[in-house]
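So you can see what is in the structure, the chains are spelled out below.
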Amino acid sequence: MPNPLKRPSRPGERSANGAGANGSNGASRGAQGVEAAKEGGGGLVGWVDERSGATGFLTGMMFRKVPKGTNWFYTLGSATLFAFTAQAITGVFLAMYYTPSPTEAYESITHLTNDVWMGEFVRGMHKWGATVMICLIFLHMGRTFFFGAYKYPRELNWVIGVVLLILTLVMGLTGYLLPFDQRSYWATVVANNITATGPVVGPYLADFLRAGPEVGATTIQRFYAIHMLLVPGLIAALIGAHMYLVVKLGTTAPPWLKAERPKNARKKTEVG
Amino acid sequence: MKQSDKEQYLIEYEVLKKKGKPFFPYAVAKDSAMALVVVLVIVVMSLVLGAEQGPKVDPTTTTYVPRPEWYFFFLFELLRVIKPPELVPLATIGIPTICMVLLLLLPFYDRNPERRPQRRPIATTAGILTIIAMAYLTFLGAAAGTPTEIDLEVAAEYEPGKQVAAQSGCLACHKIGENGNDGPGPELTEIGARLPREAIARSLRNPPQGMPNFSGLPAEKFDDLTLFLASLDGE
């Protein structure tokens with residue numbers, strides 16, 4: 001059963017997907033069926049699992065061990081993910097009423113705020129959710145930094161995390177223009193002028209973002225596309241990679257925890 | 001990090017992990033509690049602080065407030081701290097880019113296998129100093145108001161121009177007398193002594209980088225503004 005996503009089963013751990021590499025025999029199929037039945041989903045779960053091996057992956061993920069001593073600081077990553085989910089959901093509802101055009105953007109938000117049921121509340125959630133998400137992502141990064149959790153073997157996940165931070169800031173910048181009031185318009189003009197001062201690519205990047213001689217119709221459409229298609233897609237994909245690595249490499253133990261038998265371990269490595 | 005350090009870490013981690021608790025339900029319970037706190041905070045902020053709409057955009061008016069979101073205040077403030085025009089690209093692009101690259105490459109130059117913060121004095125101190133610097137710059141950026149009053153005493157003929165300057169947001173980036181922010185733009189208190197009126201008008205119509213274009217002002221207001229600015233000679 002070829003399945004690149006599946007983690008190889010460790011000795012002493014009951015395999016949820018049959019006997020491993022040569023697991024196409026009837027016994028393992030049977031065991032899998034029993035497993036699926038135990039999950040309580042009956043036929044449908046079994047059917048999906050037979051074709052995807054999903055329950056093995058999911059049980060592996062859900063019942064993986066997390067080192068002792070992980071505290072509330074370890075919830076900051078999932079909290080950031082949750083804030084992103086909240087942004088995505090409120091964003092979808094805002095997109096249903098928003099018109100990305102310089103003549104209609106402002107009015108569409110007035111309509112949303114004043115006439116649509118719970119419109120102002122959802123817009124408020126999106127606006128303040130951005131603030132909350134930025135705070136959480138910085139706190140999560142602080143935890144990772146001070147606990148040394150970016151060190152071997154999690155260097156790649158740190159790099160992905162920094163890219164996610166930059167993308168989140170890009171979301172903040174592009175989303176700021178969309179209400180198209182005075183504040184957001186002029187802030188974008190200044191941000192664009194700042195981009196233009198960059199060396200080599202600065203002026204080109206500024207031209208691309210502005211999409212015309214002045215911040216206007218094409219700018220708002222471009223920012224809208226970046227804000228609700230390009231960057232959220234990248235963020236979602238990178239969050240997937242980030243979490244895949246977390247599950248694969250395991251949650252870090254708090255740095256002050258030491259394993260009880262480091263002496264044995266040291267001998268082993270010296271021999272090996 | 002040496003190969004032996006890597007192996008040592010993996011072995012120790014495996015031991016710690018074995019003694020741990022399963023992700024479900026223990027970590028999931030904590031994560032869910034935290035998620036609940038997050039959504040409550042967002043809901044309360046939305047209900048209390050709301051989402052008011054600002055005045056409608058009007059590219060021809062100049063009563064604008066070029067303020068970024070609060071989490072960009074530290075960048076905004078950096079721009080105001082660094083004055084000389086030739087260094088502006090350094091503040092706008094240089095320093096943030098260098099910081100981002102340093103952040104991105106952190107695991108590649110910090111190769112010390114130690115993880116306890118108290119045993120990593122350089123990294124821990126650098127981290128704390130970075131947080132203090134960002135918090136301080138954010139605070140300064142937040143405190144830098146967007147005043148719309150100019151207290152400078154001027155002759156009656158320059159009063160209308162003073163009003164236009166005050167309402168046009170010049171003070172967000174320029175200092176005039178006792179008012180306004182000292183940067184990113186140069187102080188204007190003595191601009192009239194340095195530039196003739198025509199040169200000031202040219203700068204307003206073809207502004208330097210970072211400054212908005214004021215050619216959209218009605219002609220009368222524009223004349224008042226240049227008259228007022230040209231009269232500023234520091235006396």
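Fair warning: this is a prediction, and the values are worked out from it, not measured in the lab. (Residues numbered from 1 in each chain as written. Chains lettered and ligands numbered in written order. Predicted model: local features only at pLDDT ≥ 70, side-chain atom pairs only at ≥ 80, totals over all residues.)

Undergrad: Summarise the interface of chain A and chain B; cite the residues concerned and give the values.
TA: Taken together, the contact between chain A and chain B spans 76 residues of the former and 69 residues of the latter. Those elements that place two or more of their residues in the side of chain A that touches chain B are β2 (65-66), α4 (76-95), α5 (105-114), α6 (119-146), α7 (155-177), α8 (182-196) and α11 (262-271) of chain A. Examining the composition of the side of chain A that touches chain B, we find that 12 residues originate from one element, α6 of chain A, more than from any other. Class assignment of the residues belonging to the side of chain A that touches chain B gives a composition of 44 nonpolar, 17 polar and 15 charged. (Contact = placed C-beta atoms within 7 Å. Helix = DSSP H or I, 4+ residues; strand = E, 2+ residues; numbered from the N terminus. Nonpolar A, V, L, I, M, F, W, Y, C, P; charged D, E, K, R; others polar.)

Undergrad: Tell me about the environment of Ile160 of chain A, and name the residues and values.
TA: Position of Ile160 of chain A among the secondary structure elements: in helix α7. Considering only alpha carbons, one finds Ile160 of chain A and Tyr74 of chain A, 86 residues apart in sequence, at a separation of 18 Å.

Undergrad: Can you tell me about α4 of chain A, naming the residues and giving the values?
TA: The first and last C-alpha atoms of α4 of chain A sit 28 Å apart over 20 residues, in line with the 28 Å expected at 1.5 Å per residue. Most of α4 of chain A is tucked away, with 14 of its 20 residues classed as buried. (Expected span 1.5 Å × (residues − 1). Buried ≥ 20, exposed ≤ 12 C-beta atoms within 10 Å, placed from the backbone.)

Undergrad: Lay out unusual backbone geometry with the relevant residues and their values.
TA: A cis amide bond links Tyr152 of chain A to the next residue, Pro153 of chain A, at an omega of 0°. Summarising the element assignment, Pro153 of chain A is placed in the loop between α6 and α7. In this structure, Pro25 of chain B follows Phe24 of chain B across a cis peptide bond, with omega equal to 5°. Examined against the element boundaries, Pro25 of chain B turns out to sit in helix α2 (residues 23-49). Although it is not a glycine, Met118 of chain A sits at a positive phi angle of roughly 65°. Of note, Met118 of chain A is situated in the loop between α5 and α6. Residue classification places Met118 of chain A among the exposed positions, given that 11 C-beta atoms sit within 10 Å.

Undergrad: Can you break down the domain arrangement of chain B residue by residue, with the values?
TA: In terms of domain boundaries, chain B breaks down into domain 1 (16-52) and domain 2 (156-231). On a C-alpha basis, the centres of domain 1 of chain B and domain 2 of chain B stand 50 Å from each other. (Domains from an automatic or database assignment.)

Undergrad: I'd love a proper account of the confidence of the model for chain A, names of residues and values included.
TA: Close reading of the predicted structure is inappropriate where its pLDDT is low. Residues and elements named next belong to chain A. Of the residues in chain A, 80% reach a pLDDT of 70 or more, and the chain-wide mean stands at 83. α4 holds the highest mean pLDDT among the elements of chain A, 97, whereas strand β1 (residues 16-19) holds the lowest, 44. The low-confidence segment residues 15-28 (pLDDT under 50) makes 24 contacts with residues lying over four places distant or belonging to another chain. Taken as a whole, residues 264-272 scores under 50 in pLDDT and shows 11 contacts with residues more than four places along the chain or in a different chain. (pLDDT = per-residue confidence, 0-100.)

Undergrad: Tell me about the environment of Pro199 of chain A, residues and numbers included.
TA: With respect to the element layout, Pro199 of chain A can be found in the loop between α8 and α9 (202-210). Note on Pro199 of chain A: 11 C-beta atoms within 10 Å, which makes it exposed. Beyond its immediate chain neighbours, meaning those up to four positions away, Pro199 of chain A contacts Pro89 and Ile93 of chain B.

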